[in-house]
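# Topology and contacts: notes
Residues per chain, in single letters:
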Amino acid sequence: MGDAMTLDIRLIRESWALVEPVADQVTLDFYSRLFAENPRIRELFPPAMDLQRDRLFGALTQVVLNLEDTEGVREYLGQLARDHRKYGVRPEHYPALGHCLIAAMRAGSRGAWQSAYDQAWSAAYDFIAEVMIQAADQDAATAPPAWIGTVVGHEMRTPDVAVLTVEPNHPYPFRAGQYTTVQTALWPRVWRAYSIANAPRHDNRIVLHVRAIPGGWVSTALVKHTRPGDTILLGPPRGTLSLEQATTSHLVFIAGGTGLAPLKALIEESVWMPERPAIDLFYGVRRAADAYDTEALNNLRMQHRRLRIVQAVSDEPGPGYGQTAIDALEYHRIIPSGDVFVCGSQEMVRATSDRLVRLGVPAGRIHTEYTPDTPVPVG
């Protein structure tokens, strides 16, 4: 099998710099070419393509920026391949996808594209396809493309946040900190990512924290129109966030909104560790009423005994209010000397990570997740 280290990384990044500023145009051109030349492939994609276009460039960016990390890139591509089995992606789809991708980038460069870029990207895409095809084949021997999940619990915690307990129909081999993708019967072929809010359990059940987003197809269906006894589809578990990333015994967790879910799973896992780490959890919400999981967190605190929880409320006045989670960390004079895990919206994660670096936390000790559900151009 090929290796990322044999690719011409300089040419790949040089050409990437030409097309990244016109990402929207290039992705639109890519899908237009793909569907015009291969009409049957259109059936693999969701009806609305806006989010899919963002995911394409997000995944390509992740690969391009990390080509030196061969092991990491292989792991990332392997997870994408296992996830893409649920779309019905087959090996014969890859050549057409690669051809259209390179053609779209060439057109988007506005005459600055060189023939050497074609060769560099052809080799890169061959590597991507080879890794993904092999990973999908290996996965097919032991796991289904997707799991049928029966909703066995549905609790409305706030007017727009529900906590769902789901029982997959087969063993679901996830790790604490990972996320799943969900499809509902209301929106076929539309998948959305949700972090799993518990560590693996003997009953094989998983817990999801879902906020209904205005105009959100899947989130609204899960929060407003799903009841116990309903079934949903679950994609394979994905994600790299885990306690194994930590190298220190004092951890700081910073969560915003339903970004609490994966950090709660990691805390739950740490309860059973022989040498459980000390954890400071800073949990930020906009209003006090948005703190939807207080009882469960208090139960975890009683079990853990080395867990401290600080809640920050940003959009209401009052003593200790008017703070984000990272504001609260500074207010309590906590200067992280160990590992920091950050989960929340993209904007929250970016702003919090920047503040942590300014506080002197090494970037290598700030752990976040790749943007959920960012497939490469294979469905």
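Every residue gets a number counted from 1 within its own chain, in the order that chain's sequence is written. Reporting in this predicted model follows two pLDDT cut-offs: at least 70 for local features of residues, and 80 or more for side-chain atom pairs to be given and counted; totals over whole chains, interfaces and linings ignore these cut-offs and use all residues. For side-chain calculations, the full set of non-hydrogen atoms in the structure is used, while hydrogens and water are omitted.

## A word on the sheet that holds strand β2 (residues 161-168)
By this definition, two strands are paired if DSSP reports at least two bridges between them. The helix and strand labels rest on DSSP assignments: H or I over at least four residues marks a helix, E over at least two residues marks a strand, and numbering proceeds from the N terminus. Taken in spatial order, the six strands of this open sheet run β4-β3-β6-β1-β2-β5, and their pairing is antiparallel. Looking at strand neighbours, the two that pair on one side only are β4 (192-195) and β5 (206-211), the edges of this open sheet. Strand-to-strand twist in this sheet, taken as the mean axis angle between neighbours without regard to direction, amounts to 45°. Judged from the two bridges that link them, strand β3 (residues 179-183) and strand β6 (residues 231-234) form a sheet pairing that is antiparallel. Among the inter-strand pairings, Val 182 is bridged to a residue of β6, identified as Leu 234. Fitted lines through C-alpha atoms serve as axes, helices being fitted only where they are in contact, and the angles separating the N-to-C directions of these axes extend from 0 to 180 degrees.

## Topic: the pattern of salt bridges
Put simply, a salt bridge is a Lys or Arg side-chain nitrogen that is within 4 Å of an Asp or Glu carboxyl oxygen. As enumerated under the stated definition, the model contains 19 salt bridges in all. A salt bridge links Asp 160 to Arg 211, with the shortest nitrogen-to-oxygen separation between them at 3.5 Å. Highlighted residues: Asp 160 in the loop between β1 (147-158) and β2 and Arg 211 in strand β5, separated in sequence by 51 residues. A relative accessible area of 27% means that Asp 160 is categorised as partly exposed. Only protein chains enter the accessibility calculation, which uses a 1.4 Å probe. A residue is then buried if its area is under 20% of the maximum for its type, exposed if over 50%, and partly exposed in between.

## What to know about the pairing of strand β7 (residues 250-256)
With six of its seven residues buried, β7 lies for the most part within the structure. Bridge analysis of β7 against strand β8 (residues 278-285) gives seven bridges, and the strand direction is parallel. Within β8, the position partnered with Leu 251 by the bridge is Ile 279. By the bridge criterion, five bridges tie β7 to strand β10 (residues 339-343) in an arrangement that is parallel. If you follow Val 252 over to β10, its bridge partner there is Val 340.

## Focus on the UniProt feature "domain: FAD-binding FR-type" (unreviewed entry) in the protein chain
Here the UniProt-annotated "domain: FAD-binding FR-type" (unreviewed entry) positions come out as residues 144-244. Secondary structure across residues 144-244 comprises 8% helix and 39% strand; the distance between its end C-alpha atoms is 27 Å. UniProt positions are given in the numbering used here, feature names are shortened, and annotations may be inferred rather than shown by experiment.

## Structural notes on the side chain of Ser 109
Relative to the helices and strands, Ser 109 resides in the loop between α5 (94-108) and α6 (115-140). Residue Ser 109 is classed as buried on the basis of its relative accessible area of 8%. At 2.8 Å, the side chain of Ser 109 forms a polar contact with the backbone oxygen of Arg 106. For this analysis, a polar contact is any N or O atom pair within 3.5 Å, provided that within protein one partner can donate a hydrogen and the other can accept it, and provided that sequence-adjacent residues contribute only side-chain to side-chain pairs. In this structure the side chain of Ser 109 is engaged in a polar contact, spanning 3.1 Å, whose partner is the backbone nitrogen of Trp 113. Other than its neighbours up to four places away in sequence, Ser 109 contacts Leu 18 and Val 19. Note on definitions: a residue-residue contact is assigned when non-hydrogen atoms from the two residues lie within 4.5 Å.

## Observations regarding the sheet that holds β7
The strand order β9-β8-β7-β10-β11 describes an open sheet built from five strands, whose pairing is parallel. Each edge of the open sheet carries a strand with a single partner, namely β9 (307-313) and β11 (366-367). Against the sheet, helix α9 (residues 294-304) contacts β8 and β9, and its axis sits at roughly 155° relative to β9. Contacting β7, β10 and β11, helix α11 (residues 346-358) crosses the sheet at an angle of about 155° to β10.

## So, the confidence of the model for the protein chain
Looking at the protein chain as a whole, its pLDDT mean stands at 90, while 94% of the residues score no less than 70. Each residue carries a pLDDT score, the predictor's confidence in it, ranging from 0 to 100. Counting interchain partners and residues more than four positions distant, the pLDDT-below-50 stretch residues 370-379 has 51 contacts.

## Let's talk about a nonpolar patch on the surface
Nonpolar side chains (Val, Leu, Ile, Met, Phe, Trp, Tyr) within 5 Å and like charges within 9 Å form the patches, drawn only from residues with over 30% relative accessible area and no salt bridge. Residue burial considers only the protein chains on display, and all accessible areas are found by Shrake-Rupley using a 1.4 Å probe. Taken together, the side chains of Leu 186, Trp 187 and Trp 217 make up a nonpolar region of the molecular surface, amounting to roughly 280 Å² of accessible area. With respect to the helices and strands, the residue Trp 187 is situated in the loop between β3 and β4. For Trp 187, a relative accessible area of 32% corresponds to the partly exposed category.

## Comments concerning the packing of aromatic side chains
To describe a pair of aromatic rings, you give the distance between the ring centres and the angle between the ring planes. Ring pairs are drawn from Phe, Tyr and Trp, using the six-membered ring of Trp, whenever the two centres fall within 6.5 Å, and their geometry is named by plane angle: stacked under 30 degrees, edge-to-face over 60, tilted for the rest. All chains considered together, the criterion is met by 11 aromatic pairs. Geometrically, the ring pair formed by Trp 16 and Trp 121 is tilted, given 6.0 Å between the ring centres and 35° between the ring planes. Separated by 105 residues along the polypeptide, Trp 16 in helix α1 (residues 9-19) and Trp 121 in helix α6 bring together distant segments of the chain. Accessibility classification places Trp 16 together with Trp 121 in one group, the buried group. Arranged with centres 5.2 Å apart and planes meeting at 70°, the rings of Phe 35 and Phe 45 form a pair that is edge-to-face. Separated by 10 residues along the polypeptide, Phe 35 in helix α2 (residues 23-37) and Phe 45 in the loop between α2 and α3 (50-65) bring together distant segments of the chain. Of the two residues examined, Phe 35 and Phe 45, each falls in the buried class. For the cation-ring pair, Lys 86 lies above Trp 191, with the distance from its terminal atom to the ring centre recorded as 4.2 Å. Only lysine NZ and arginine CZ atoms are considered, and such an atom sits over a ring when it is within 6 Å of the ring centre and within 35 degrees of the ring normal.

## Description of unusual backbone geometry
Phi is positive for Arg 110, which is not a glycine, with a value near 55°. Looking at the secondary structure, you find Arg 110 in the loop between α5 and α6. A positive phi angle, near 70°, is found at Asn 204, a position not held by glycine. Considering the arrangement of structural elements, one finds Asn 204 in the loop between β4 and β5.

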